[in-house]
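Remarks on the overall topology
Here's the letter readout for the chains.
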Amino acid sequence: MTMRRALTAIAASLLLLASIPVSAEVVAVIGTGRMGGAIGPRFAETGHTVIYGSRNPTSEKVQALVAQTGNGARADTSANAIANADVIVLALLWSATEELIRANVENLDGKIIFDITNATLKALQPNREGAVESSAGALIQGWAPNAKVVKAFNTVGYHIVADPEHAGGPVTVPLVGNDQDAVEQVSAMVQAMGFETMILGGIEQAHVLEGMASLYFVPYGAGRFDEAFEYYFRKGTAPAGIGSAQVRGADSK
Ligand SMILES: NC(=O)c1ccc[n+]([C@@H]2O[C@H](COP(=O)([O-])OP(=O)(O)OC[C@H]3O[C@@H](n4cnc5c(N)ncnc54)[C@H](OP(=O)(O)O)[C@@H]3O)[C@@H](O)[C@H]2O)c1
């Protein structure tokens, strides 16, 4: 554990002791790819219990992530993970998100949906297949009207989520959402991981955050990897192997 990670863990413990609103929650992390694998261990490190929701919860890969995460983590189907959690993190492909929400809408009522997804915005990429008029965040709130959707972390690369020290300086995470208590709770969870936060407005502003992510997608899609990483991953900090055909094929839109 680096010095910064150790200090983050101590700070999180002190916040919990001081009853500042970082309560220990059961967090369902839906998806065990790059973001799920980065964010799950950070939740555990900052005092939360993680249930990974996966299509293959017993697979070797997912079980290795469970073991790495610790603090009582487990893996289950996405439906069971959602039913048993207080906060649901959408760390799955955008294209699989509507089906997940609609299939579990009753179990999302009154809960926080921590939305990290990125949809392609029609305003920025009108010809791209699957591009949306509004934003992923606004659509998710519409599909789950009784859930408290808070958008955050869609502007941060997965390896920065795993260790903000990679950024070489403080990283600000913008947040939007309609329920003020939920937004503040998510903001506190993000701060406990070592980030600064900025609360921007309601979920109708999610398109602003998703537009920021396009600063990565657009140059990345055109093969201008260095430019993409300049913004999204911070200069010179791209993870090993990124920019290869293999990684490009796994892109998550
Ligand atoms: N990568 C980043 O740096 C980054 C940064 C900010 C935001 N995001 C957003 O975070 C979300 C996840 O991105 P990611 O990079 O972690 O993607 P990824 O590495 O491709 O992983 C996505 C995960 O989604 C799950 N999934 C559920 N249904 C699926 C389906 N029908 N097909 C394929 N996978 C399915 C899979 O987990 P199981 O196999 O366990 O089911 C898969 O591992 C996306 O919405 C993305 O826009 C990513």
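The coordinates are above.
Looking now at the overall build of the protein chain. Scanning the protein chain for helices and strands turns up twelve helices and eight strands. A buried classification covers 50% of the 253 residues belonging to the protein chain. The long-range share in the protein chain, meaning contacts at least 24 apart out of those at least 6 apart in sequence, stands at 67%. About 11,300 Å² of surface is accessible on the protein chain, with carbon and sulfur atoms providing 52% of the total.

Before going further, it helps to examine the side chain of Q125. Note that Q125 resides in the loop between strand 5 (112–115) and helix 7 (136–143). Classification of Q125 as buried rests on a relative accessible area of 15%. Those residues in contact with Q125 that sit more than four places away from it in its chain are T120, A131, S214 and V218.

What follows concerns a nonpolar patch on the surface. Together, M198, L200 and V208 line one region of the surface with nonpolar side chains, adding up to about 230 Å² of accessible area. Counting through the fold element by element, V208 comes out in helix 10 (residues 206–221).

This next bit is on the nonpolar core. Judged by nonpolar contacts, the single largest core of 37 residues is most densely connected at V29, F43, F114, F153 and F195. Beyond its immediate stretch of four places on either side in the chain, F43 contacts V27, V29, H48, V50, V89, F114, M189 and M193. Core analysis: the next-biggest nonpolar cluster, separate from the first, contains 27 residues, I30, A85, I113 and A206 among them.

Bringing helix 9 (residues 180–192) into the picture now. Helix length check: helix 9 (13 residues) gives 18 Å between terminal C-alpha atoms against 18 Å at 1.5 Å per residue, within 8%. Along helix 9, the residues classified as buried are A182, V183, Q185, V186, S187, A188, M189, V190 and A192. Two to three positions downstream of the cap, the backbone nitrogen of D181 sits 3.1 Å from a side-chain oxygen, assigning the N-cap of helix 9 to D179. Where helix 9 ends, the next residue or the one after it, G194, has phi of about 100°, a positive value.

Once that is clear, we can look at the site of the ligand. Around the ligand, the structure places 23 residues, and the nearest of them are T32, R34, M35, S54 and Y158. A distance of 2.5 Å separates an oxygen atom of the ligand from a polar side-chain atom of T32. Of the residues in the shell around the ligand, the class split is twelve nonpolar, nine polar and two charged.

Let us now look at the environment of R34. By the element assignment, R34 lies in helix 2 (residues 34–45). According to the relative accessible area criterion, R34 is partly exposed, its value standing at 30%. A C-alpha to C-alpha distance of 8.2 Å links R34 and H159, two positions 125 residues apart in sequence.

With that settled, the discussion passes to the pattern of salt bridges. Per the counting criterion, the structure on display carries five salt bridges. One salt bridge connects E98 with R102, and the closest N-O pair in it is separated by 2.8 Å. Placement of both E98 and R102 in helix 5 (residues 97–103) is noted, with a separation of four residues, approximately one turn of the helix. The partly exposed category is assigned to E98, whose relative accessible area is 34%. On the accessibility criterion, R102 (48% relative accessible area) is partly exposed. Here the salt bridges share partners, and the residues they tie into one network are D115, K151 and E210.

The subject of this paragraph is helix 10. Look at helix 10: 22 Å from first C-alpha to last across 16 residues, which is about the 22 Å you get at 1.5 Å a residue. Along helix 10, the helix axis deviates most sharply at A213, where the bend reaches about 35°. Immediately beyond the C-terminal end of helix 10, within one or two residues, lies G223, with a positive phi of roughly 80°.

Let us look at the sheet that holds strand 6 (residues 148–151). Spatially, the eight strands line up as an open sheet ordered 3-2-1-4-5-6-7-8, and their pairing is mixed. Looking along the sheet, the strands with just one partner apiece sit at the ends: strand 3 (74–76) and strand 8 (196–201). The average undirected angle you get between the axes of adjacent strands in this sheet is 25°. Sitting on the sheet, helix 2 touches strand 1 (26–30), strand 2 (49–53), strand 4 (87–90) and strand 5, and the angle it makes with strand 2 is about 160°.

How two aromatic rings sit relative to each other is set out by the distance from centre to centre and by the angle between their planes. If you walk through the whole model with that rule in mind, you get four aromatic pairs. Ring geometry for F43 and F114: centres 6.0 Å apart, planes at 85°, overall edge-to-face. Here F114 lies in strand 5 and F43 lies in helix 2, a separation of 71 residues in the sequence. For F43, a relative accessible area of 0% corresponds to the buried category. Between W94 and W143, the ring centres sit 5.6 Å apart and the planes meet at 20°, which makes this aromatic pair stacked. Residue W94 is located in the loop between strand 4 and helix 5, and its partner W143 is located in helix 7; the two are separated by 49 residues in the primary sequence.

Conventions adopted
- Residues numbered from 1 in each chain as written.
- Predicted model: local features only at pLDDT ≥ 70, side-chain atom pairs only at ≥ 80, totals over all residues.
- Heavy atoms only, no water.
- Helix = DSSP H or I, 4+ residues; strand = E, 2+ residues; numbered from the N terminus.
- Buried < 20%, exposed > 50% of the residue type's maximum accessible area, 1.4 Å probe, protein only.
- Contact = heavy atoms within 4.5 Å.
- Areas by Shrake-Rupley, 256 points an atom, 1.4 Å probe, with all protein chains shown as cover.
- Patch = residues over 30% accessible without salt bridge, like charges linked within 9 Å, V, L, I, M, F, W, Y side chains within 5 Å.
- Salt bridge = Lys/Arg side-chain N within 4 Å of Asp/Glu carboxyl O.
- Core = buried A, V, L, I, M, F, W, Y, C linked by side-chain atoms within 4.5 Å.
- Expected span 1.5 Å × (residues − 1).
- Polar contact = N/O pair within 3.5 Å; in protein donor to acceptor, adjacent residues only side chain to side chain.
- Near = heavy atom within 4 Å.
- Nonpolar A, V, L, I, M, F, W, Y, C, P; charged D, E, K, R; others polar.
- Bend = angle between axes of the 7 residues up to and from the residue.
- Pairing = 2+ DSSP bridges.
- Axes fitted to C-alpha atoms, helices over the stretch in contact; angles between N-to-C directions.
- Phe/Tyr/Trp six-rings, centres within 6.5 Å; stacked < 30°, edge-to-face > 60°.

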